[in-house]
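The chain contents come next:
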Amino acid sequence: MAEKFDNLEEHLEKFIENIRQMGIIVSDFQPSSQTGLNQKLNFMITGLQDVEKCRQQLNDIHVPLEAFEYIDQGRNPQLYTKECLERALAKNEQVKGKIDTMTKFKSLLITELGKVFPEEMAKYKAIHGDDPPS
Amino acid sequence: MTEIFSTLFGQSEAQGPQGPGTLGFAPGKPPPLPQTQAPAPPQIPAQPGDEGPAARKPGVMNEPFYLLRELPAGNDLTGNTNLITHYNLEHAYNKFCGKKVKEKLSNFLPELPGMIDCPGVQDGSSLRSLIEKPPVCGNSFSPLTGALLTGFRLHTGPLPEQYRLMHIQPPKKKSKHKHRHHRPQDPIPPAETPSDTDPKKKKKKRDDDPERKKKKKDKKKKKVGKVTKQKL
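Residues numbered from 1 in each chain as written. Chains lettered and ligands numbered in written order. Predicted model: local features only at pLDDT ≥ 70, side-chain atom pairs only at ≥ 80, totals over all residues. Heavy atoms only, no water.

**Remarks on the overall build of chain B**
Working step 1: Counting secondary structure elements, chain B contains 11 helices and one strand.
Working step 2: For chain B, the N- to C-terminal ordering of α and β elements is α-α-α-α-α-α-α-β-α-α-α-α.
Working step 3: Looking at chain B as a whole, 12% of its 232 residues are labelled buried.
Working step 4: At a minimum sequence separation of 6, the contacts of chain B that also span at least 24 residues come to 25%. (Helix = DSSP H or I, 4+ residues; strand = E, 2+ residues; numbered from the N terminus. Buried < 20%, exposed > 50% of the residue type's maximum accessible area, 1.4 Å probe, protein only. Contact = heavy atoms within 4.5 Å.)

Laid out in structure tokens, this is it:
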């Protein structure tokens, strides 16, 4: 799994470096630089071909669109992962609180109903079984 | 459960005013349902003391509860469990939430050239625009022939100023510390007086002083000399 990412990363790094060198050549162009520029242009095309080949291995990879928004804002996409984990933990704690509260309410309700309607509650417990007190 | 209460209290009201003992508040047998209630399904046999009709499953036919449903199937995985430990994400949590994650994109991609910390909308390099308007795909990449390469013959000389900033990287913070370390080594020029210790005045004088420029060149030569000595 990590190999296909490493492969793509390597191709992209080479491609970006090639583009950067082309930028340097073009920024102050000399006649002797023409052959080098032509070579870099063909390297760019082979680089695109290599990236295109990597595409088939990564068809099953899905990237959330929210991560793209972080990149477009110039922010670290790891912040998106961090915020996802924090939101998941907060929601987990919230739901656990609700479950605990409802469990306590249920046991209190059964206790009080047992005092007011003992026979009915005995029949109810016979149907659903004795619920352990929370 | 509330439906049980409403049926119990509703039966007592339909029968007319009665004493408090027979209203169903006290513990005991509930009063029987009047015949104006919904008709019982045929499969349920009438029994004495039975509350009456109810849509019940055959397994609970003889129970006195109305509309008592089976409890939903219990799910093993609920919010009661710590989902981060359940899915083995403790390492990821400590990595991202335990330490401080840097804000800028250049901290995530330090080797990427160019001004990547700026929003992509400013220079049209946003990923969202790529998704909304995808480029033409499907054609094969073929190398450029001699005839096609003639289109890439450029004029000599530097680029116009409007295009020059494309390859400039943001200044690295390390270089500032290096300058601060080297500043005390600079020999004090004779023209400096105590009144020149004002930083604003110093900056102006530094810009105008041609001797300062010569000293900078000397510093660079010294640095190159040190580097070659270290290599040897």
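Text resumes after the structure shown.
**Section: unusual backbone geometry**
Working step 1: Notably, Asn88 of chain B is not glycine yet its phi reads approximately 55°, a positive angle.
Working step 2: For Asn88 of chain B, the location among the structural elements is in the loop between α2 (83-86) and α3 (90-98).

**Concerning the interface of chain B and chain A**
Working step 1: Contacts between the two partners involve 59 residues from chain B and, on the opposite side, 50 residues from chain A.
Working step 2: Counting the surface lost from both chain B and chain A, the interface buries some 4900 Å², and carbon and sulfur atoms represent 69% of this.
Working step 3: At the boundary of chain B with chain A, the tally comes to two salt bridges.
Working step 4: Across the pair Glu69 of chain A and Arg128 of chain B runs a salt bridge whose closest N-O atoms are separated by 3.3 Å. (Buried area = accessible area lost by both parts, 1.4 Å probe. Salt bridge = Lys/Arg side-chain N within 4 Å of Asp/Glu carboxyl O.)

**Regarding a nonpolar patch on the surface**
Working step 1: Taken together, the side chains of Leu77, Tyr87 and Leu89 of chain B make up a nonpolar region of the molecular surface, amounting to roughly 260 Å² of accessible area.
Working step 2: With respect to the helices and strands, the residue Leu89 of chain B is situated in the loop between α2 and α3. (Patch = residues over 30% accessible without salt bridge, like charges linked within 9 Å, V, L, I, M, F, W, Y side chains within 5 Å. Areas by Shrake-Rupley, 256 points an atom, 1.4 Å probe, with all protein chains shown as cover.)

**Structural notes on the side chain of Asn18 of chain A**
Working step 1: Note on placement: Asn18 of chain A falls in helix α1 (residues 2-27).
Working step 2: Not counting chain neighbours up to four residues away, the residues in contact with Asn18 of chain A comprise Lys40, Phe43 and Met44 of chain A.

**Let's talk about the packing of helix α3 (residues 65-72) of chain A against helix α4 (residues 78-116) of chain A**
Residue and element names in this part refer to chain A.
Working step 1: α4 packs onto α3 with a crossing angle of 135° between their chain directions and a minimal axis gap of 8 Å. The pairing of α3 with α4 is recorded here as oblique in orientation. Where α3 crosses over α4, the handedness of that crossing is right-handed. Every residue of α4 that contacts α3 at Glu66, Ala67 and Tyr70 is listed here: Leu79, Tyr80 and Glu83.
Working step 2: Its residues assigned to classes, the contact of α3 with α4 comprises four nonpolar, no polar and two charged. (Axes fitted to C-alpha atoms, helices over the stretch in contact; angles between N-to-C directions. Parallel < 35°, antiparallel > 145°, perpendicular 65-115°, else oblique. Left-handed = near helix turned anticlockwise from the far one by under 90°. Nonpolar A, V, L, I, M, F, W, Y, C, P; charged D, E, K, R; others polar.)

**A look at the confidence of the model for chain B**
All names here are of chain B.
Working step 1: The predicted model of chain B has a mean per-residue pLDDT of 65, with 44% of residues at 70 or higher.
Working step 2: Per-element mean pLDDT across chain B ranges from 42 in helix α1 (residues 2-14) up to 93 in α2.
Working step 3: Long-range and interchain partners of residues 37-46, a stretch whose pLDDT sits below 50, account for 10 contacts in this model, where long-range means more than four residues apart.
Working step 4: Confidence drops under a pLDDT of 50 for residues 170-203, and excluding neighbours within four residues, the segment shows 12 contacts in the predicted structure. (pLDDT = per-residue confidence, 0-100.)

**Notes on the packing of aromatic side chains**
By convention here, two paired aromatic rings are described through the distance between centres and the angle between planes.
Residues and elements named next belong to chain A.
Working step 1: What the rule picks out here adds up to one aromatic pair over all chains.
Working step 2: Taken together, a centroid distance of 5.8 Å and an interplanar angle of 65° make the contact between Tyr70 and Tyr80 edge-to-face. Pair noted here: Tyr70 is in helix α3 and Tyr80 is in helix α4, with a separation of 10 residues, a long-range link.
Working step 3: For Tyr80, a relative accessible area of 14% puts it in the buried group. (Phe/Tyr/Trp six-rings, centres within 6.5 Å; stacked < 30°, edge-to-face > 60°.)

**Here's the deal with the pattern of salt bridges**
Working step 1: Overall, the coordinates contain 10 salt bridges over all chains when judged by the stated rule.
Working step 2: The salt bridge partner of Arg75 of chain A is Glu103 of chain B, with a shortest N-O separation of 2.8 Å. Placement of the pair is Arg75 of chain A in the loop between α3 and α4 and Glu103 of chain B in the loop between α3 and α4 (105-108), with the two residues belonging to separate chains.
Working step 3: Residue class for Glu103 of chain B comes out partly exposed when judged on its relative accessible area of 42%.

**A short note on the packing of α4 of chain A against helix α5 (residues 118-128) of chain A**
All names here are of chain A.
Working step 1: As a packed pair, α4 and α5 sit with axes 6 Å apart at the nearest point and diverge in direction by 130°. Between α4 and α5, the angle falls in the class oblique. Contacts from Ile110, Leu113, Gly114, Lys115 and Val116 in α4 reach Pro118, Met121 and Lys125 in α5.

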